[in-house]
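Understanding the architecture of this molecule
The chain contents come next:
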Amino acid sequence: MEVPRLDHALNSPTSPCEEVIKNLSLEAIQLCDRDGNKSQDSGIAEMEELPVPHNIKISNITCDSFKISWEMDSKSKDRITHYFIDLNKKENKNSNKFKHKDVPTKLVAKAVPLPMTVRGHWFLSPRTEYTVAVQTASKQVDGDYVVSEWSEIIEFCTADYSKVHLTQLLEKAEVIAGRMLKFSVFYRNQHKEYFDYVGEHHGNAMQPSVKDNSGSHGSPISGKLEGIFFSCSTEFNTGKPPQDSPYGRYRFEIAAEKLFNPNTNLYFGDFYCMYTAYHYVILVIAPVGSPGDEFCKQRLPQLNSKDNKFLTCTEEDGVLVYHHAQDVILEVIYTDPVDLSLGTVAEITGHQLMSLSTANAKKDPSCKTCNISVGR
């Protein structure tokens, strides 16, 4: 059952929880940690025999919500009016539970039938480990609370963005994608040692590797999808790839039709920025029926290869023609190995602009252009 109203953490100055605790002065609020230790300045009534939650179960986990249920002894169960839920990021579970001396960092919910849903992007982030413990409470006529002991501590991890969330990102990216420019090659910059290693140890075939954690924290491809990064951006005045790169002075170029054709599927992977004015869109190209294709089909929105705002492959007079969006920087992941013999490797004449590297780059959580109303 959905909780009719689950209030913010009590330490929020504008929290709706003020309605719950408006009759309690700050001096009267009891601080009680998960071990049951109380402060000396306690205004909450002495613990009576309210049932202690046990056998806690977490289910239906998303990137910004979860359902929680537990078992309780029937004794005094009818006296329960509220539940206190202590939710903390796992890495901070041994730190001070209270951001203010007198105000507990808890979520407060009216006692409703279980399981109940805890939802809120203001305190839940995707792909993050949390600990949770629960108290039962009974509000008295004078505004004080009688509380049970804390339950055991349970650990869980929130989920990645779903297709629904990624579709929201996709729609925001479409707004700024800009007009389409023609291109003919995908390219990948690396150091000379990289290409030498590929030739010596992998039979001249570049191998997919696990994507790093750059981009949105909730992206389902970060740390999971295996692929090879390519670029396709061109300079407006020349129609050719730029001569500068943040990733190395040697560039592998391959004809676009070798990677992107009617035998491949195209997916939207992410939309982000790094505290800069320009934005990045991650797309995934996967050969039909490949392991990468199956991975993406379950997790990512699929794009029409002939008609979308970012990267298209159309046929004109029997020839495949390619276009890319002008106003976003496209990062294209190809999910299968690519043999160097299918293209050429040459040294670029420009500079290696390390400041433009997106390796493990963190997304700007305050950008209104590329964030959605779920955990960042």
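To be clear, the structure that these remarks concern was listed above.
Every chain's residues receive numbers from 1 upward, in the order its sequence appears when written. Local features in a predicted model are, by the rule used here, given only for residues with pLDDT of at least 70; side-chain atom pairs are given and counted only at 80 or more, and totals for whole chains, interfaces and linings are based on all residues. Side-chain metrics rest on all non-hydrogen atoms present in the structure, leaving aside hydrogens and water.

The strand order across the open sheet built from six strands is β12-β13-β20-β16-β15-β17, with neighbouring strands paired in mixed fashion. Strand pairing shows two members of the sheet lacking a second neighbour, β12 (209-210) and β17 (302-303), which therefore form its edges. Alignment of strand β15 (residues 264-272) against strand β16 (residues 280-287), held across eight bridges, turns out to be antiparallel. Each residue of the ladder has a partner; that of Tyr272, found in β16, is Tyr280. Across the sheet, helix α2 (residues 163-176) lies against β15, β16 and β17, angled at about 80° from β15, the strand it touches most. When DSSP finds two or more bridges between two strands, those strands count as paired. Only DSSP runs of H or I covering at least 4 residues are called helices, and only runs of E covering at least 2 are called strands; the numbering of each starts at the N terminus. Contacts between residues were defined by any pair of non-hydrogen atoms, one from each residue, lying within 4.5 Å. For every element, the axis is a line fit to its C-alpha atoms; helices are fit only across the contacting stretch, and the angle between N-to-C directions ranges from 0 to 180 degrees.

With that out of the way, let us pick up the packing of aromatic side chains. For Phe, Tyr and Trp, rings pair up if their centres lie within 6.5 Å, where Trp contributes its six-membered ring, and each pair is then called stacked (planes under 30 degrees apart), edge-to-face (over 60) or tilted (otherwise). Inspection of the entire model under this criterion finds twelve aromatic pairs. When the centroid spacing of 5.9 Å and the interplanar angle of 45° are considered together, the rings of Phe260 and Tyr322 count as tilted. Taken together, the positions of Phe260 in the loop between α4 (256-259) and β15 and Tyr322 in strand β19 (residues 319-325) put the pair 62 residues apart, joining distant regions of the chain. For the residue pair Phe260 and Tyr322, the accessibility class agrees, reading buried in each case. Centre to centre, the rings of Tyr272 and Tyr280 are 5.2 Å apart; their planes meet at 15°, and the pair counts as stacked. In this pair, the class of Tyr272 matches that of Tyr280, namely buried. Aromatic rings pair up to connect Phe183, Phe186, Phe260 and Tyr322 into one cluster. Cation placement over rings: the criterion is NZ of Lys or CZ of Arg within 6 Å of the ring centroid and within 35° of the ring normal. Across from the ring centre of Phe295, 4.0 Å away, lies the NZ or CZ of Arg299, which sits over that ring. A simple rule labels every residue: compare its accessible area, found with a 1.4 Å probe on the protein chains alone, to the largest value its type can have, and call it buried under 20%, exposed over 50%, or partly exposed in between.

Quick look at the nonpolar core now. Membership of the largest hydrophobic core comes to 56 residues, with the highest contact counts inside it found for Phe186, Phe230, Phe268, Phe310 and Leu311. Per-element accounting of this core gives the leading share, seven residues, to β16. When residues no more than four places from it in sequence are discounted, the contact partners of Phe230 are Phe186, Tyr187, Arg188, Met206, Phe252, Ile254, Leu259, Leu330, Glu331, Val332, Tyr334 and Val338. Residues grouped as a nonpolar core are buried Ala, Val, Leu, Ile, Met, Phe, Trp, Tyr and Cys residues, joined through side-chain atoms within 4.5 Å. The next biggest cluster of nonpolar side chains, apart from the first, holds 23 residues, and it includes Trp70, Leu107, Ala109 and Val134.

Shape descriptors only; they carry no functional weight alone.
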